[in-house]
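What follows is each chain in one-letter form.
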Amino acid sequence: MAMSRTEAALFEASGPKARRRIMIGTTISVIALLALAAWVVYRFYIEGQLEPQYWYFFTQLNVWEFIGAGLVGTIRAAIGSGAIALIMGLVLMFGRNSKIAPVRWLATTLIEFLRGTPTLLFIYFMFLVPSQLGLHISTYWMVVIPTSAYASAVLAEVYRAGVAAVPFGQKEAGLSLGFTRAQNFRYIVLPQTMRIVTPALVAQLVVVVKDTTFGYVVTYPELMVNAKVIIANFDSLVPVYLVVAIIYILVNYAISKFANWLSHRQSVKFNI
Amino acid sequence: MKQLISDYGWQFIASYGVSLRISCIAFVLGLLLGTVLTIGRISPIPPLREAINVYVETFRNIPVLALLVFIVYALPDLGLVIDYEPCVIISLILVSSAFTCDNLRTGINTIDAEQIQAARALGLNFSTIVMSIILPQALTAVIQPMVTLFISVVISSSTGSLVPLAHEELTGLVTEINNKEAMGVVTFLVASILYVLTGLIIAFIGRRLERRYATWR
C-alpha cells in the first residue's frame, strides 16, 4: 500500500546506528514470521491435516462447481440486498430530510432501529416468527430482507452525508432559476450526491457480502452452506473452511480496492 | 408481555450482560492489539509492515461468521480446542483489531508531516515519536470511527448465538425462547430495543468524548 506523506516522513534516511537497529529488527521479525509459518505447517502436519485424503477432492471439477454455485448464491443475495438498499436508502433519506415532522421522526426512528439491531437477530426473526403466524417465506428472502434492511439504514445516512456535501450555492442557484424544490433535487442535488456517494456505496457492498453468510442460519444455499455440504461429503473440515475463508477475503478485498480506486479517482473527501 | 417478564426477565438481563461482557472485552483487547499492530505497521521494518498489512486485509474482509466457524470447528482439528465464549471473543478481537488498525492509519494521516520532521530534527527516536506525538493525536482523531466500531462489535457479538455458549448472549436467548414457546414479535422487539439503546448510549458517550478532545486540540 502506498505510504502517505505523514508515514513517509517517518522513513527519511537514517544514520548508521538506526540502520543497524533496523537491520536487527528486520532479522528478528523475519525469523519470527518464519517460525510462525513453520509452527502452523507443523500443526497441520502432526494433526494429519496435510494427508492427501483431506485435499485430493479439490482436483475434482464438480467440487469447484459446487463451491461456484455457493458463490453464485452469495452474489445473488448480495445483489438483491444491494439493489433494495440502494432504493430504500434513498427513500429513508427523503423521509429523514422531509419538511413534515412526523415523517422525519418516523424515518429517523426506523433508521436508528435498523442500524442498531444485529442483522442476525433480524434473520432469526424472519426464520421463526412468520412460520409461527403460518406464513411461508423462501430462504432467499429470509436472508435478503434483513440484510437489505440494515444496509438501507446505513445507506440512508450515506446519502444524507452526500446531500449535505453538495455545496449550498448549487441549491440556491437552482432555486433562483425558478426550479421547484423537487426539480432542484432531481436535476441539481441528486446527480452530484450520487457522484459523491458512489465509492461509499461500493464499500458498503462488503458489509452486504459479509451479512449474506447468515444464510448459514436459514440454510440458504450460499458459500458457507455449500461448504458445509462438501465437508459432510468428504469429511474434510479444515481445508474446506480455509478455502472458503480465502474466497470471502479475496472477494471483499477486490470490492474494497475498487471502492478505494473510485474514491481516489474522484478525490472527494467524505466525512461519514 | 407479563408472562415474558416473569418467566424470562432475569434471563434477559443476564444475557444482555453476557453480550456486553463479550463486546467490551473484545473491543478493549481489539483496541490494544490494533494499536500495537499499528505501531508495527508504521515501523521502519519492511517485513513486519507487510505481515501486518496482510493481517489487516485478512481480518477486515473476512465475515465474522466464517471466522467464528473456522475457530470453533476447524481449530480443534489442528489440535487447538478453545471454549465457546473465548472463541467468540477471539474472533471479534481479530476483526476489531484489524479495523482499529485501519482507523488509526486514517488518524495518523491527519497529523502534519512537518510535526514528524520537527521531531526528527530534535533527534527524537522512532519510539518516542510514536508514543508522544503520533499515538496521542491519532487516537483522539479516530474517536468517531472507533465509536462506530464499538457499536458494530456489540452487534457482531450476536454471532455468539451460533455456538452453544455456557451463558447465552441476547440473540441466543431470544431464539431459545422462540424455539420453546411462540412469543415471537415481543421477545425480538425487547432484544432489538436493548441493542439499539446500547448503540445510542455508546454514540452519546463518544460524542461527549469527542467534544472534550476537540476543545483540547
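From a predicted model like this one, the values you see are computed outputs, not experimental measurements.

1. Points about the overall build of chain B
Within chain B, the regular secondary structure consists of nine helices and zero strands. Secondary structure elements of chain B, listed N to C terminal, follow the sequence α-α-α-α-α-α-α-α-α. If you line up chain B on its principal axes, its C-alpha atoms span 70 × 45 × 20 Å. Within the span of chain B, comprising 217 residues, buried residues form 53% of the whole.

2. Some points on the side chain of Ser98 of chain A
As for its placement among the helices and strands, Ser98 of chain A is situated in the loop between helix H3 (61-96) and helix H4 (101-116). With near-sequence residues (within four places) excluded, Ser98 of chain A lies in contact with Val103 and Arg104 of chain A.

3. Re the UniProt feature "transmembrane region" (unreviewed entry) in chain B
Residues and elements named next belong to chain B. As recorded in UniProt, the feature "transmembrane region" (unreviewed entry) lies at residues 20-40, 52-75, 81-101, 122-155 and 182-205. The distance from the first to the last C-alpha atom of residues 20-40 is 30 Å, and the span holds 100% helix and 0% strand. For the annotated span residues 81-101, helix accounts for 86% and strand for 0% of the residues, and the straight-line distance between the end C-alpha atoms is 28 Å.

4. As for the UniProt feature "domain: ABC transmembrane type-1" (unreviewed entry) in chain A
Mapped onto this structure's residue numbering, the UniProt feature "domain: ABC transmembrane type-1" (unreviewed entry) falls at residues 71-259 of chain A. Secondary structure across residues 71-259 of chain A comprises 85% helix and 0% strand; the distance between its end C-alpha atoms is 21 Å.

5. Quick notes on the packing of aromatic side chains
All names here are of chain A. Scanning all chains against the criterion turns up 15 aromatic pairs over all chains. The ring of Tyr140 is capped by Arg76, whose NZ or CZ atom sits 4.7 Å from the centre of that ring. Geometry around Tyr216 places Lys228 over its ring, the cationic atom sitting 4.4 Å from the centre.

6. With respect to the UniProt feature "transmembrane region" (unreviewed entry) in chain A
According to UniProt, the "transmembrane region" (unreviewed entry) feature falls on residues 21-46, 66-93, 105-127, 139-159, 196-218 and 238-255 of chain A. Helix makes up 91% of residues 105-127 of chain A and strand 0%, with an end-to-end C-alpha separation of 29 Å.

7. Remarks on a nonpolar patch on the surface
On the surface, Leu33, Leu36, Trp39, Val40, Val41, Tyr42, Tyr45, Ile46 and Leu50 of chain A together with Leu80, Ile82 and Ile90 of chain B cluster together to form a nonpolar patch covering roughly 1000 Å² of accessible area. For the nonpolar patch, the element with the most residues is helix H2 (residues 16-46) of chain A, which contributes eight residues. Among the secondary structure elements, Tyr45 of chain A is positioned in helix H2. The exposure class of Tyr45 of chain A is exposed, given its relative accessible area of 56%.

8. Points about the interface of chain A and chain B
Contacts between the two partners involve 54 residues from chain A, matched on the other side by 60 residues from chain B. Buried surface at the junction of chain A and chain B, summed over both partners, amounts to about 5100 Å²; 71% is from carbon and sulfur atoms. Along the contact surface separating chain A from chain B lie zero salt bridges. Applying the counting criterion to the chain A and chain B interface returns eight residue pairs in polar contact (both at pLDDT 80 or more). For the side of chain A that touches chain B, the element with the highest residue contribution is helix H11 (residues 238-266) of chain A, accounting for 10 residues.

9. Topic: the environment of Leu92 of chain A
Residues and elements named next belong to chain A. Looking at the element boundaries, Leu92 is found in helix H3. The sequence separation of Leu92 and Tyr140 amounts to 48 residues, and the corresponding C-alpha distance is 23 Å. Those residues in contact with Leu92 that sit more than four places away from it in its chain are Ala107, Leu110, Ile111, Ser152, Ala153 and Ala156.

10. A look at the nonpolar core
Within the largest apolar cluster, 137 residues are counted, with the highest numbers of intra-cluster contacts made by Met224, Val240 and Tyr241 of chain A together with Phe12 and Ile134 of chain B. Per element, the largest residue contribution to this core is 13 residues, and it comes from helix H6 (residues 139-165) of chain A. Leave out the neighbours within four places in its chain, and Ile134 of chain B touches Leu10 of chain A together with Ile42, Ile108, Ile111, Ile116 and Ile129 of chain B.

11. Examining the packing of helix H4 (residues 84-109) of chain B against helix H6 (residues 126-141) of chain B
Residue and element names in this part refer to chain B. At a closest axis distance of 8 Å, the pairing of H4 and H6 adopts a crossing angle of 110°. For the element pair H4 / H6, the angle class is roughly perpendicular. The element H4 and its partner H6 pack so that their crossing is right-handed. Facing H4, whose interface residues are Leu104, Gly107 and Ile108, H6 presents Ile134, Ala138, Leu139 and Ala141. Looking at the contact of H4 with H6 residue by residue, the class counts come to six nonpolar, one polar and no charged.

Quick notes on the rules
In this convention, every chain numbers its residues from 1, walking through the sequence in written order. Lettering of chains starts at A and numbering of ligands starts at 1, both following the order in which they are written. Two thresholds apply to this predicted model, a pLDDT of at least 70 for residue-level local features and 80 or more for giving and counting side-chain atom pairs, whereas whole-chain, interface and lining totals are computed over all residues. To get the side-chain values, all heavy atoms of the structure are used, and hydrogens and water are removed first. Comment: elements are numbered from the N terminus, with helices defined as DSSP H or I runs of at least four residues and strands as E runs of at least two. Three exposure classes are used, based on accessible area relative to the maximum for each residue type with a 1.4 Å probe and protein chains only: buried under 20%, partly exposed in between, and exposed over 50%. Residue contacts are defined here by distance: any two heavy atoms, one from each residue, within 4.5 Å place the two residues in contact. UniProt positions are given in the numbering used here, feature names are shortened, and annotations may be inferred rather than shown by experiment. Stacked, tilted and edge-to-face are the three classes applied to pairs of Phe, Tyr and Trp rings, where Trp contributes its six-membered ring and a pair requires centres within 6.5 Å; stacked means planes under 30 degrees apart, edge-to-face means over 60, and tilted covers the rest. Whether a charge sits over a ring depends on NZ of Lys or CZ of Arg being within 6 Å of the ring centre and within 35 degrees of the ring normal. By definition, no residue in a patch forms a salt bridge, and every one has over 30% relative accessible area; like charges are joined within 9 Å, nonpolar side chains (Val, Leu, Ile, Met, Phe, Trp, Tyr) within 5 Å. Only the protein chains shown count as cover for residues, with accessible areas throughout obtained via the Shrake-Rupley method and a probe of 1.4 Å. Whenever Lys or Arg places a side-chain nitrogen within 4 Å of a carboxyl oxygen from Asp or Glu, that contact is recorded as a salt bridge. Note on terms: buried area is the combined drop in 1.4 Å-probe accessible area of two parts once they are placed together, counting the loss on both. N or O atoms within 3.5 Å of each other form a polar contact, as long as, within protein, one can give a hydrogen and the other can take it, and as long as residues adjacent in sequence are counted only when both atoms are side-chain atoms. As used in this record, nonpolar core signifies buried Ala, Val, Leu, Ile, Met, Phe, Trp, Tyr and Cys residues forming a set joined through side-chain atoms within 4.5 Å. The axes are straight lines fitted to the C-alpha atoms, using for helices just the contacting stretch, and the angles between their N-to-C directions are given from 0 to 180°. Reported orientations rely on four angle classes, namely roughly parallel under 35 degrees, roughly antiparallel over 145, roughly perpendicular from 65 to 115, and oblique for the rest. Crossings are assigned a handedness: left-handed for a near helix turned anticlockwise from the far helix by less than a right angle, right-handed for a clockwise turn. Gly counts as polar in this scheme, as do all residues outside two lists: the nonpolar Ala, Val, Leu, Ile, Met, Phe, Trp, Tyr, Cys and Pro, and the charged Asp, Glu, Lys and Arg.

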